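Given next are the chains, with one letter for each unit.
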Amino acid sequence: MTETTGGPGFVTERGSFRAAHVADQNVERQAFVLDQMAGRPAVRTLKAWALEQLAPARGETAVDVGSGTGEDVLAFAAYGAHGIGVEPSPGLRAEATRRAAGAEIEFVEGQAEALPFGDASVDVLRCERVLQHVDDPAKAVTELARVLRPGGRIVLIDTDWATAIIHPADPDVLQRMFGYFRGETANPYSGRQLRGLLAEAGLEITGETAATWIEPQEGATTGFVGMMHTTAARAGVITDAEAEAFTKTLGDAAERGAFHMSLTMYAVSARKP
């Protein structure tokens, strides 16, 4: 599946979505980023696939781990399931509660590595773009498996930042910039790990898919691409001259219709035996 989108939203502030940095998080900025991402065609494709795989049913307990602004918990409720969002950020929980006013769902404090549920107490689990921010993803998936009931279903969705492509650009400059941003992410290769993490947690794989977003030409000078060179230069990863050349090269390419950026996300579904 390949989709055109408006920008990948690389995490550019260290720990901005990590549970350990909740006190320093800018909730308004986070909500904006999450809203932008939720509208991307590639993300919508994977969200729809996840719902098909999970097939939440009336009366089941369905949990979204890392629920953010609560959109996917509301989707569970639309199927008649008891939707619960797990979110470490009190600000995002408050925003999700505000948006879900009147819906019979709840948002609770917690994180993937330590869920506030008993063993085998959850029918449906989803966890989207969370494991890339987790220092120990194996521990997190083991915890997800712990709370899942026998026969319960789970979907993991995440990005593999090694799939990011930008063209045209100086390969050495681009390698240094990508290396810097990957270093600022706890688990930048999460996408490729999903199947193995689920299998090693004792779960049976039931499906796999992927979706790639492709930036429009205006993405050469806006969003993440439009600021990555300044962030990298400020961090001392590239020089000011290299930053200027990078943005000019991409801007000129976009004017010719020759700019390209793409990034792939992966999703894997499984059930508990």
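Just so we're clear, the structure is a prediction, and the values are computed from it rather than from any experiment. (Residues numbered from 1 in each chain as written. Predicted model: local features only at pLDDT ≥ 70, side-chain atom pairs only at ≥ 80, totals over all residues. Heavy atoms only, no water.)

Student: Account for helix α7 (residues 190–200), with residues named and values stated.
Tutor: A turn of α-helix holds 3.6 residues, and therefore any two residues three or four places apart point the same way. Buried within α7 we find S190, G191, L194, L197 and L198. Down the axis of α7, the buried side of the element spans an arc of 90°, and every buried residue falls inside it. Every exposed residue of α7 that faces more than 90 degrees away from the buried side is listed here: R192 and E200. Next to the buried residues of α7 lie α5 (137–147), β6 (148–159), β8 (204–214) and β9 (260–271). In the segment just after α7, G202 is the residue with positive phi, at about 90°. (Buried < 20%, exposed > 50% of the residue type's maximum accessible area, 1.4 Å probe, protein only. Helix = DSSP H or I, 4+ residues; strand = E, 2+ residues; numbered from the N terminus. Arc of directions from axis to C-beta. Contact = heavy atoms within 4.5 Å.)

Student: Go over the packing of aromatic side chains with me, naming the residues and quoting the values.
Tutor: A full pass over the atoms with the stated rule returns two aromatic pairs. Measuring from centroid to centroid gives 5.1 Å for Y180 and F181, while their planes differ by 65°, and the two rings are edge-to-face. Given the relative accessible area of 22%, Y180 is considered partly exposed. Seen from their ring centres, F181 and F224 are 5.2 Å apart, and the 80° between their planes marks the pair as edge-to-face. Of this pair, F181 sits in helix α6 (residues 171–183) while F224 sits in helix α8 (residues 223–234), and the two are 43 residues apart along the sequence. The class of F224 is buried, set by a relative accessible area of 6%. Through a chain of ring-to-ring contacts, three or more aromatic side chains come together here, namely Y180, F181 and F224. (Phe/Tyr/Trp six-rings, centres within 6.5 Å; stacked < 30°, edge-to-face > 60°.)

Student: Break down the pairing of β9 for me, with residues and values.
Tutor: Counting buried positions over the twelve residues of β9 gives nine, a clear majority of the element. The pairing of β6 with β9 spans seven bridges and is antiparallel. Across the sheet, residue D158 finds its bridge partner in β9, namely Y266. Examined bridge by bridge, β8 and β9 share ten bridges and lie antiparallel to one another. Considered in β9, the bridge of I214 is made with S262. (Pairing = 2+ DSSP bridges.)

Student: So what's going on with the pattern of salt bridges? Residues and values would help.
Tutor: If you walk through the whole model with that rule in mind, you get 19 salt bridges. For the salt bridge of E60 with R153, the shortest nitrogen-to-oxygen distance reads 2.8 Å. In this pair, E60 sits in the loop between α2 (41–54) and β2 (61–65) while R153 sits in strand β6, placing the two residues 93 residues apart along the sequence. Across the pair, R153 and E60 agree in class, each one buried. Salt-bridge contacts for R176 lead to D172; the nearest nitrogen and oxygen are separated by 2.6 Å. Here the residue R176 and the residue D172 both occupy positions in helix α6, the gap between them amounting to four residues, near one helical turn. (Salt bridge = Lys/Arg side-chain N within 4 Å of Asp/Glu carboxyl O.)

Student: I'd love a proper account of the environment of S121, names of residues and values included.
Tutor: Residue position: S121 is located in the loop between β4 (106–108) and β5 (122–128). S121 sits 31 residues away from G152 along the chain, and the two C-alpha atoms are 9.4 Å apart. When neighbours within four sequence positions are excluded, S121 is seen to be in contact with T61, V147 and R149. Separated by 2.7 Å, the side chain of S121 and the backbone oxygen of G118 make a polar contact. (Polar contact = N/O pair within 3.5 Å; in protein donor to acceptor, adjacent residues only side chain to side chain.)

Student: Could you give me a rundown of helix α3 (residues 71–78), with the residues and numbers involved?
Tutor: The set of residues buried in α3 consists of D72, V73, A75 and F76. Taken around the axis of α3, the buried residues stretch over an arc of 155°, which confines them to a single face. As for α3, its buried residues are in contact with α2, β2, β3 (82–86), β4 and β5.

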